[in-house]
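Here are the chains, one letter per residue:
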Amino acid sequence: MHDLKTIREDADRLREAMRRRGALATYGPAIDEAEALDRDRRRMIQAVEDKKAQRNATTQIVGRKKKAGEDASADMELARGLGEEIAAFEAQLGPTESRLTELLLGIPNIPLPDVPEGDETYNVVVRTWGTPRAADGLKPHWEVGAALGLLDLERGAKIAGSGFVVYRGLGARMIRSFMNAMLDLHTGEFGYEETWVPVLVNRASMIGTGQLPKFEDDMYALRDEELFLIPTAEVPVTNLYRDEIVAGESLPMALCAYSPCFRREAGSAGKDTRGVLRVHEFDKVELVRYCRPEDGEAQLQLLLGHAEAVLQRLGLPYRVVLLAAGDLGFGSAKTYDLEVFAPGVGKWLEVSSCSVFTDFQARRANIRFRPAPGEKPRHVYTLNGSGLAFPRIFAAILEHYQQADGSVAVPEALRAWLGVDRLG
RNA sequence: GGACAGGUGGCCGAGCGGUUGAAGGCGCACGCCUGGAAAGCGUGUAAUGGUGAAAGCCAUUCGCGGGUUCGAAUCCCGCCCUGUCCGCCA
């Protein structure tokens with residue numbers, strides 16, 4: 001969410017940001033309307049506060065006269081009249097403020113200056129690591145997984161629906177090993193605090209990180225209670241400090257969590273539908289950081305490095321992509337995608353999206369820090385990234401480590417967890 | 001799910017419907033004291049919005065939302081959360 005001050009003093013910067021996202025036509029009208037509503041709002045506030053000041057003064061007089069045993073009926077009548085005027089002004093102010101909030105909640109974040117302008121064709125490959133395997137003769141992961149008894153997509157579809165996966169035997173054990181290996185790495189070597197969080201959260205949390213109100217159709221929700229299934233652990237973990245003021249010395253803060261993630265994937269029918277590349281429920285380990293505004297860029301690079309480390313330990317070739325403004329998520333100011341190469345399907349798979357949200361989420365979730373004792377609270381910067389998403393790592397391993405005899409070699413880093421060095 | 005108790009500032013904790021934005025304490029900041037510290041003493045210490053160059057002034061906020069009233073932290077209703085007991089249960 002943007003500060004009202006941005007609308008008031010910097011609306012053109014906001015328009016320029018939307019233009020860089022290629023979305024000025026979409027959001028321009030909202031910015032225009034917000035500008036007008038802000039002016040209306042301030043005018044009404046001045047009027048209503050003026051009346052309130054008058055009423056407060058009158059009410060004081062009533063109190064004093066009553067205490068002194070004098071007649072106060074004239075002042076009481078005056079105050080009652082003022083009260084009616086106040087009610088009338090407030091009846092106008094209420095809708096103005098809710099509309100303004102609604103608009104503010106629906107405008108995406110401003111990309112940082114070093115984010116390339118334009119749509120996804122302007123994404124930049126920043127670096128690559130490892131050498132992608134030639135695709136010839138390699139099978140896609142769903143064939144390998146089924147042949148080795150690691151994956152049971154048919155029964156997943158039967159018990160839940162298409163887009164739900166059953167892992168079996170060593171396949172299931174692989175998922176568990178991802179959780180252990182990644183959490184151990186991030187907590188043991190990179191200093192993250194391990195958390196275990198609810199996968200059902202309330203509306204305020206979903207607004208805090210930016211899933212609501214705009215993307216409600218993409219979220220699973222309960223029928224009888226106002227609870228939503230999280231699309232990522234970013235939601236509960238970032239909201240941990242919602243409506244709090246944290247001590248300046250506690251920053252930067254680093255938290256990680258394993259969680260299942262639930263996505264309706266409304267409107268994405270037909271894209272990556274085979275195998276486990278796009279499913280309604282999957283697991284991942286998420287990294288979340290809070291920091292001071294001046295540390296945002298350095299913290300993003302740090303976070304990115306932590307996510308990359310997982311791929312390096314697994315020996316999976318990948319590339320780092322800086323997203324162009326038009327490809328940026330709603331709340332992000334700058335994002336690096338990590339894409340691993342899956343030679344069986346011949347594609348780069350996004351396995352992590354590392355972003356800095358500047359104060360966009362912190363303002364929505366009201367997460368602040370006190371820079372120094374006695375100083376005014378400021379909003380923190382929030383960051384997050386997957387470290388990493390399991391199904392695509394599963395797919396990448398089955399494809400990248402495929403052997404000529406149909407078996408799959410187990411990456412060194414997972415052998416201790418799996419207890420074998422070869423699948424099949 | 002039922003009964004009772006409770007939700008007040010960074011934290012703890014008082015608070016008769018009318019100078020209570022809110023006593024007191026802790027914490028924190030500054031000063032005095034000290035060779036230096038601790039202790040002690042003194043002073044200060046909420047957020048948000050509006051206005052203003054600034055100092056300041058005004059408004060709002062005592063879980064959230066409504067209501068009663070000239071006036072609500074204080075009274076009434078609904079909801080949320082916490083605690084205790086009961087029920088249920090992995």
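Scroll up for the structure.
Residues numbered from 1 in each chain as written. Chains lettered and ligands numbered in written order. Predicted model: local features only at pLDDT ≥ 70, side-chain atom pairs only at ≥ 80, totals over all residues. Heavy atoms only, no water.

1. Looking at the pattern of salt bridges
For side chains bearing opposite charge, pairing can occur when the charged atoms are close.
Then step 1. Tallied over the full model, the rule gives 33 salt bridges.
Then step 2. In this structure, the salt-bridge partner of Arg-19 is Glu-117, at a minimum N-O distance of 2.9 Å. In this pair, Arg-19 sits in helix H2 (residues 11–20) while Glu-117 sits in the loop between helix H4 (73–105) and strand E1 (124–129), placing the two residues 98 residues apart along the sequence.
Then step 3. With a relative accessible area of 38%, Glu-117 lands in the partly exposed category.
Then step 4. One salt bridge in this structure joins Arg-203 and Glu-226, with 2.6 Å as the shortest N-O distance. Here Arg-203, found in helix H8 (residues 203–209), pairs with Glu-226, found in the loop between H8 and strand E4 (228–229); they are 23 residues apart in sequence, far enough to count as distant.
Then step 5. Relative accessible area serves as the criterion here: at 26%, Arg-203 is assigned to the partly exposed category. (Salt bridge = Lys/Arg side-chain N within 4 Å of Asp/Glu carboxyl O. Helix = DSSP H or I, 4+ residues; strand = E, 2+ residues; numbered from the N terminus. Buried < 20%, exposed > 50% of the residue type's maximum accessible area, 1.4 Å probe, protein only.)

2. Considering the nonpolar core
Then step 1. Within the largest apolar cluster, 57 residues are counted, with the highest numbers of intra-cluster contacts made by Phe-178 and Phe-394.
Then step 2. Considering every element that reaches this core, the biggest residue donor is helix H10 (residues 296–314), with eight residues.
Then step 3. In terms of nonpolar packing, the next biggest core, distinct from the first, is built from 19 residues, Leu-4, Ala-11, Tyr-27 and Leu-103 among them. (Core = buried A, V, L, I, M, F, W, Y, C linked by side-chain atoms within 4.5 Å.)

3. Some remarks on the protein's contact with RNA strand B
Then step 1. Inspection of the region around RNA strand B gives 22 residues, with Arg-8, Glu-49, Ala-79, Arg-80 and Pro-373 positioned closest.
Then step 2. Each atom of RNA strand B within 4 Å of the protein was assigned to sugar, phosphate or base; sugar and phosphate come to 75%.
Then step 3. At a separation of 2.6 Å, a phosphate oxygen of RNA strand B approaches a polar side-chain atom of Arg-80.
Then step 4. For RNA strand B, a sugar or linking oxygen lies 3.1 Å from a polar atom in the side chain of Arg-368.
Then step 5. Residue assignment for the surface near RNA strand B shows that the elements contributing at least two residues are helix H3 (24–67), H4 and strand E11 (367–370). (Near = heavy atom within 4 Å. Polar contact = N/O pair within 3.5 Å; in protein donor to acceptor, adjacent residues only side chain to side chain.)

4. Quick word on the sheet that holds E11
Then step 1. One open sheet accounts for three strands, arranged E5-E11-E12; its pairing is mixed. Each edge of the open sheet is held by one strand with a lone partner, namely strand E5 (244–247) and strand E12 (378–379).
Then step 2. In this structure, E11 lies alongside E12, joined through two bridges in antiparallel fashion. Of the residues in E12, the one forming a bridge with Phe-369 is Arg-378. (Pairing = 2+ DSSP bridges.)

5. Topic: the side chain of Glu-308
Then step 1. Secondary-structure assignment places Glu-308 in helix H10.
Then step 2. The exposure class assigned to Glu-308 is buried, which follows from its relative accessible area of 6%.
Then step 3. Of the polar contacts made by the side chain of Glu-308, one reaches the side chain of Arg-127; its length is 2.5 Å.
Then step 4. Contact partners of Glu-308, with chain neighbours within four places excluded, come to Arg-127, Tyr-318, Val-320 and Leu-338. (Contact = heavy atoms within 4.5 Å.)

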